[in-house]
Amino acid sequence: MKALVYLGGGNKGIEDRPKPKIASPTDAIVKMVKTTICGTDLHILKGDVPTAAPGRILGHEGVGVVEEAGSAVTSFKPGDRVLISCITSCGKCEYCRRLMYSHCVDGGWILGNAIDGTQAEYVRIPHADTSLYHILDGEDETPFVLCSDIFPTSFECGVLNGEIAPGSSVAIVGAGPIGLATILTAQFYSPAEIIAIDVDDKRLAIAKAFGATHVINSSDGKAAKAVLEITGPRGVDTAIEAVGIPATFELCEEIVGPGGRIANVGVHGKVVALHLENLWARNVAITTRLVDTVSTPMLLKTIRAHKLDPARLITHRFSLADVMQAYETFSDAAKTGALKVMIEA
Ligand SMILES: NC(=O)c1ccc[n+]([C@@H]2O[C@H](COP(=O)([O-])OP(=O)(O)OC[C@H]3O[C@@H](n4cnc5c(N)ncnc54)[C@H](O)[C@@H]3O)[C@@H](O)[C@H]2O)c1
Ligand SMILES: [Zn+2]
Ligand SMILES: [Zn+2]
């Protein structure tokens, strides 16, 4: 089969690989239908993720059809259309029982990282019963591709951890796919203000169209002042960090109000300053989270009920044969305007 492989040292290529086989009775083999690329795949290519070794097939998102199910798989059979969660969960370990699938002792984020991923014609999914979701007959699978990772991430790490409440004020720093999905799912809770902050005016325009009440271009270094002009000097109830660099986390520290929350979503690779000299008396909470994908069943219901349309984030379409071009388009988002690229196997 054809697969997109991380070759180490920033390189990737399309390779011919043997079709994966069932390795444990709880595995399923899924024939991929659609997949996509995540910012985290770019982190792997940069060498930021040491668990992803050269030779790894990338990808942790997608939908497909069950080709073969192991003898212990009871909820899925060949021919079933499925959504693949980016998080593999055994459903039985201490962390799974505490609904922290991301820390499953025999799973977590392993797809396209510690084991081969979804940017291929076939993928092996361990713990299939608890790591796959059914797509119903006749349903368009396209919006579900965005439920493998970015919608649960935005909702769990941003909206839920940020405890967004009706009438509250929210600032979302970063209007990439994650920040935009946060804007969409924040609206389940009717906050009064959603302030989107980015350095890219094109993305801010999309943020506005997706429901941000205010947008701020932070390139001039004056974003904190602009936020406090909107909220008053107290600041926001929830500040969500959706970039993953020190400057944007520190901006959240500057704009969070008394009793507020900073919900970190971004993947950080550098030391970030924690200004306790300003925050110690502000009754704030800071949360971090690796997406657990525990909200996936609820998100699927909102999509089926037409309350949420993840497909609004899809900007480009490619076939698996053109996956190299898909990477180029995705990684040059400032020029191409790419948000999520859909890749058809
Ligand atoms: N916690 C998790 O489980 C989890 C899961 C998936 C992704 N992530 C992380 O979430 C973050 C966001 O993901 P994404 O796919 O939207 O990333 P992205 O790189 O596409 O988007 C980041 C956005 O931040 C903006 N930006 C860059 N520098 C900025 C600055 N100084 N001030 C304001 N905005 C700035 C960019 O213009 C861009 O729109 C990444 O760090 C990603 O790795 C975390
Ligand atoms: Zn991802
Ligand atoms: Zn587990």
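Residues numbered from 1 in each chain as written. Chains lettered and ligands numbered in written order. Predicted model: local features only at pLDDT ≥ 70, side-chain atom pairs only at ≥ 80, totals over all residues. Heavy atoms only, no water.

Kindly report on the coordination of the zinc ion (ligand 2), identifying the contributing residues and their values.
The coordination sphere of the zinc ion (ligand 2) contains the protein donors Cys38 (SG), His60 (NE2) and Asp149 (OD), at a distance range of 1.7 to 2.2 Å. Site description for the zinc ion (ligand 2): donor spacing in sequence, C-x21-H-x88-D. Of the two residues, Cys38 is situated in the loop between strand 3 (28–36) and helix 1 (39–45) and Asp149 in the loop between strand 7 (132–134) and helix 4 (150–160); the sequence distance between them amounts to 111 residues. (Donors = N, O, S within 2.8 Å, 3.2 Å for Na, K, Ca; no water. Helix = DSSP H or I, 4+ residues; strand = E, 2+ residues; numbered from the N terminus.)

Account for the layout of surface pockets, with residues named and values stated.
If you add up the space inside the second largest pocket, you get close to 160 Å³. Forming the walls of the second largest pocket are Met1, Arg17, Pro18, Pro20, Ile57, Ile115, Asp116, Gly117, Tyr122, Val123 and Arg124. Here the residues of the lining of the second largest pocket are counted per class, giving seven nonpolar, one polar and three charged. (1 Å grid on protein atoms, 1.4 Å probe; cavity = no way out; pocket = protein on both sides within 12 Å on 5 of 7 lines; lining within 4 Å. Points joined across faces, edges and corners; volume = space filled by probe spheres on them. Nonpolar A, V, L, I, M, F, W, Y, C, P; charged D, E, K, R; others polar.)

Requested: an account of the sheet that holds strand 11 (residues 236–241), with residues and values cited.
Here we have six strands laid out as an open sheet, ordered 10-9-8-11-12-13, and parallel in their pairing. Both edges of this open sheet fall to strand 10 (214–217) and strand 13 (285–287), since each of them pairs with a single strand only. Taking each pair of neighbouring strands and ignoring which way they run, the sheet shows an average axis angle of 15 degrees. Direction of pairing for strand 9 (residues 193–198) relative to strand 10: parallel, over a ladder of four bridges. (Pairing = 2+ DSSP bridges. Axes fitted to C-alpha atoms, helices over the stretch in contact; angles between N-to-C directions.)

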